[in-house]
Every structure is written in C-alpha cells, then in structure tokens.
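Architecture and fold: a report
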Amino acid sequence: MKYAYYPGCSLTGSARKLDKAVRHIFQKAGHELVDIPDWNCCGAFEYGDRKELMDFSVANLRKAKTLFGGPGEAAQKREDSRAEVLAPCPACYRNLKEANTEDRFKLYHPLELLNDAFLSSIPAQRDLKGQIFTPYYGCVLMRPEESAIGDKEAMERIITRLGGEIEGRKIRDRCCGGNQFFINRWATEKLSRIILEKSRGAIVVFCPLCHMALTSFSRNRKILYLTDLLLYAMGERRSL
Amino acid sequence: MPKIEPIAELAGYRREDFSVCLGCKICGSVCTINDLSRDANPQELLLNLFLHQDISSESNLLRFCTNCYNCANACPWKIRIPEVIRALREEMNLATTFEKAFKSSVRRWGRVYEPFVFLKAFPFLVREGYLKYMIRWTEYINFHLPHRVKKETLPEAKVRRSRLPRKEGGKVR
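Quick notes on the rules
Residues numbered from 1 in each chain as written. Chains lettered and ligands numbered in written order. Predicted model: local features only at pLDDT ≥ 70, side-chain atom pairs only at ≥ 80, totals over all residues. Helix = DSSP H or I, 4+ residues; strand = E, 2+ residues; numbered from the N terminus. Rg over C-alpha atoms; globule rule 2.2 N^0.38 Å. Buried ≥ 20, exposed ≤ 12 C-beta atoms within 10 Å, placed from the backbone. Contact = placed C-beta atoms within 7 Å. Arc of directions from axis to C-beta. Nonpolar A, V, L, I, M, F, W, Y, C, P; charged D, E, K, R; others polar. Axes fitted to C-alpha atoms, helices over the stretch in contact; angles between N-to-C directions. Parallel < 35°, antiparallel > 145°, perpendicular 65-115°, else oblique. Core = buried A, V, L, I, M, F, W, Y, C linked by C-beta atoms within 7 Å. Pairing = 2+ DSSP bridges. Domains from an automatic or database assignment.

For chain A, the count of helices and strands is 11 helices and 8 strands. For 240 residues, the compact-globule estimate of 2.2 N^0.38 gives 18 Å, and chain A sits close to it at 18 Å. Each principal axis of the C-alpha distribution contributes one length, and for chain A these read about 55 × 45 × 30 Å. The buried share among the 240 residues of chain A stands at 50%. Across chain A, the fraction of contacts at a sequence separation of at least 24, relative to all contacts at a separation of at least 6, is 69%.

Following this line, the structure appears as structure tokens:
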C-alpha cells in the first residue's frame, strides 16, 4: 500500500524519534511511505484566521495530489480509489482533515491503521507482560468529533495485544496544556501535573507537544511514544 | 470595542451564527481553564461579543485557552469557541513572543525551523525561566538544515486590516 506521507515540522526536529519509528514500522509491515514533495507547515494552532490556516493544508493536499495524479491511465485508475495521506502529528492530521472538504483524500492517522492485521504483519519478539501503561491521547486526537481519529480505543487495543496492563483511563483525553507551554508555563505545569498524578506506570502518548509538556514536568516518570512500545516489541529497542 | 463581524469572519462564521447559543453554559462547565482559575465562561464571551460589549484582553479565557475543544465538543450547536478566541486574539493583537517567532519562521522558510524559533524567542525563554528544562530536552535536540519551501506554492501571506491598537490598562475599546 502506498501512502503520501506528511511528517510535519515537529517530526523533522524535536520529534525526529517518532518520525523514524513510524517510517520504520510501516516499512516493516510492507507499506510504502512517500513524502509529500516540498510540503509546508500546517500552521498548527497559531493562526486566528481560519481561512489562512486552512490554506496551508489545502496547499499540502495539492502537493500530495501530484504523487497520485500522473498522466493517462494511472490517473483514471486513481479516480476510483481516493488518494491516501498519512499524518502522524495530531495537529497536522487535524488541519489536513479540516481542509479536506471535498473528501478527495483519505486521511489517516497511524493509530487508525495499526489494526490487528497490521500488527500481525510486523515481527514480534517481545511482549509487555507485567508492565503498566497509561494511554494518553490528548485533546487533538479526540476532539472535535469531526476531526477526531476513527478508533478512539486504538492505544488500549495495541497495548493489551502486546500484553501490557492499562491504567488511568480517566485522564486519557484531558488537556496537558501543551499549547500554552511557551505562553504561560505555569498553566501547562498545573495541567500536566494533574495528568502525571492521576496516571500510573509509563504514560504513552502520540503527540509531540504532549510528550514535551509531560517530559518537562515529570521527575522520573517515563513518557513514551506508542511507537517506542512497538519498536521494543519488535526487538529494535533494547529497553523502554 | 471589538467588532463582531470581522472576528466572526476570521473564525469562519457570521454574526448570526452566534445567536443560536442557548446560554446553557455547558462550555463553561467542561472548560479546561476551570483547573487553573474560577472564571471560565466562554458563553459570556460569546454573548459580549454578540452584543458589542467590552472584552478585556486580560480575561483568563483569552489568555489561557489551550485549544482543547472541550467546549466545542459539548456545545449543542458545536460552535468552535477556541477558533473564535484565536480570532479575537489575532484581532486584539495579543500574539506572544513565541507565536511571533513561529509565524516568522513559517514566513521565512514555509516551515517551522525549531533552532530559529528557539533563538528568536531566546530572550523570552531566559527571562521566563525555561532554561531549567534544557536538561530534560536533550532528547529533542538534533541538528538539521532548514528546508526552504518554494514561495509560489505557499498560500499568500494575508495583508491584515489595521488591527485594534493595544491600549493601556489591558482594555480594548
């Protein structure tokens, strides 16, 4: 399966780890990720003008189109099945999904694709038996309804499948305040501390901003990307 | 006093779209700001905006909204309040150092180049005591050169209408 891949700014910088892991896991499962050529920033949550914000993502989708278009027959073939775009960063995923008004693209978050069939196609060497995890989705993947991920139990499903135990279900969609991190630090601190207190074991996230906020305020709690668990299970990582 | 029409337009609404608000205040009861302070009341903000009342730039909602969309999700009319707040912040010119650095990077390269944003906001980060987290951020540090996105493929930078001037005392009239 071929996906147009939109990494987003964070994944080329501070969340490089997540980017590498997603590419690796999808490659192992036999999928092809092709970077959208010359992609631009999605604007995250920094723009007050909705039109301006959406234009960024419209430009990205236009660039993604060039990967699938092609002249003649190939283009005709693609008309039936919509072009697939994969965006691991929750903010980028949301913006792309909102900009996809005519429904010409099928937008995926990796969490929606990591189903049982996908997981069986990657080699499993280890399991997570006896370890406790708190899945933490954060705001953007869960709300609002129209741009939320399709499968809201994805992390629980994957962790249980790998043998881990789930705790702290109450905080899964609370806000960590990451958006305010570089504006009002104390606000983020207060919100993140609530999550750190009410969770048990390692906190599993998928959002680079949540990862940064929780890491900054945790003393010695482990904050992991879900992909870290998968890499560990695949035997690519020595420890968690 | 902030005019509602341009703000509604920025957020992708028209003025009359806010008139459907039932005043149920469910947005206030689910608001994340409740964990930070006591006066989280998005409904009042919508009402004030609708009635052309004063909105203080010091209001906790404008300052601390985390874009968690709890309100929009709970709202019977699904009014995207965080986007209204973002539009208000834009119109009242409340962008912080970090937001400015972010946008400046996007203008320059078409992407957020983190080292640039970091350096641009450096005085702010030092002043506000962010450097103590540097030890925890070591895993985020990696070096890469910026990629410059072709200008013609980027959406045109909007030329803003004259913004409301920020006045002394935090009130915008």
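Let us keep going from here.
With that settled, the discussion passes to the overall build of chain B. Assigned secondary structure in chain B consists of 9 helices and 2 strands. For chain B, the N- to C-terminal ordering of α and β elements is α-α-α-β-α-α-α-α-α-α-β. Looking at chain B residue by residue over its 173 residues, the buried ones come to 34%. Looking at chain B alone, contacts between residues at least 24 apart form 64% of all its contacts between residues at least 6 apart.

All names here are of chain B. Along helix H3 (residues 42-50), the positions that sit buried rather than exposed are Pro 42, Gln 43, Leu 45, Leu 46 and Leu 49. Buried residues in H3, looked at end-on, bunch into an arc of 160°, giving them a common side. Contact partners of the buried residues in H3: helix H1 (4-10), helix H2 (26-30), strand E1 (55-56), helix H4 (60-64), helix H5 (70-74) and helix H6 (81-91). The first or second residue beyond H3 is His 52, which carries a positive phi of 60°.

Looking now at unusual backbone geometry. The omega torsion of the bond from Arg 143 of chain A to Pro 144 of chain A falls at -15°, within 30 degrees of zero and hence cis. Not every positive phi belongs to a glycine, and Lys 25 of chain B is a case in point at roughly 60°. Tracing the backbone shows Lys 25 of chain B in the loop between H1 and H2. Since 14 C-beta atoms lie within 10 Å of it, Lys 25 of chain B is described here as partly exposed.

The interface is formed by 44 residues belonging to chain B together with 38 residues belonging to chain A. Those elements that place two or more of their residues in the side of chain B that touches chain A are H4, H5, H6 and helix H7 (97-109) of chain B. A per-element tally of the side of chain B that touches chain A places H6 of chain B first, with 6 residues. When grouped by side-chain class, the residues that make up the side of chain B that touches chain A number 18 nonpolar, 11 polar and 15 charged.

Think of two packed helices as two axes; the pair is described by the angle between the axes and how far apart they sit. Residue and element names in this part refer to chain A. Helix H5 (residues 90-99) packs onto helix H3 (residues 50-68) with a crossing angle of 85° between their chain directions and a minimal axis gap of 8 Å. Considering their axes alone, H3 and H5 lie roughly perpendicular with respect to each other. Seen from H3, the contacting residues are Leu 53, Met 54, Ser 57, Val 58, Asn 60 and Leu 61; seen from H5, they are Asn 95, Leu 96, Glu 98 and Ala 99.

Moving on, we come to the nonpolar core. What tends to happen in soluble globular proteins is that the nonpolar side chains get buried as a cluster. One finds Tyr 6, Val 85, Ala 87, Leu 96, Val 204, Val 205 and Leu 214 of chain A to be the most contacted residues of the largest nonpolar core, which totals 118 residues. Excluding anything up to four places from it in sequence, Ala 87 of chain A contacts Tyr 6, Gly 8, Cys 92, Tyr 93, Leu 96, Leu 107 and His 109 of chain A.

All names here are of chain A. Overall, parallel pairing links the 4 strands, which are arranged E2-E1-E3-E4 in an open sheet. Bordering the open sheet on either side are strand E2 (32-35) and strand E4 (105-108), each of which pairs with just one other strand. Each neighbouring strand pair of the sheet contributes to a mean axis angle of 35°, computed without reference to strand direction. Across 4 bridges, the pairing between strand E1 (residues 2-5) and E2 is parallel. For Ala 4, the partnering residue across the bridge sits in E2 and is Val 34. Where H3 meets the sheet, it contacts E1, E2, strand E3 (83-86) and E4, and its direction lies at approximately 125° from that of E3.

Let us look at the domain arrangement of chain A. Residues and elements named next belong to chain A. Along its sequence, chain A is organised into domain 1 (2-108) and domain 2 (125-234). Each of domain 1 and domain 2 has a C-alpha centre, and the two are 23 Å apart. Listed by partner, the interface residues are 16 residues for domain 1 and 15 residues for domain 2. The set of elements that each furnish at least two residues to the side of domain 1 that touches domain 2 consists of helix H2 (16-28) and H5.

A separate point is the sheet that holds strand E7 (residues 202-205) of chain A. Spatial ordering of the open sheet is given by E6-E5-E7-E8 (chain A), a layout of 4 strands whose pairing is parallel. Edge positions in the open sheet fall to strand E6 (165-166) and strand E8 (223-225) of chain A, since each of these has one partner strand only.

All names here are of chain A. As for its placement among the helices and strands, Ala 154 is situated in helix H8 (residues 154-161). The class for Ala 154 is buried, based on 22 C-beta atoms found within 10 Å. Considering only alpha carbons, one finds Ala 154 and Pro 135, 19 residues apart in sequence, at a separation of 9.5 Å. Beyond its immediate stretch of four places on either side in the chain, Ala 154 contacts Leu 111, Glu 112, Leu 114 and Ile 149.

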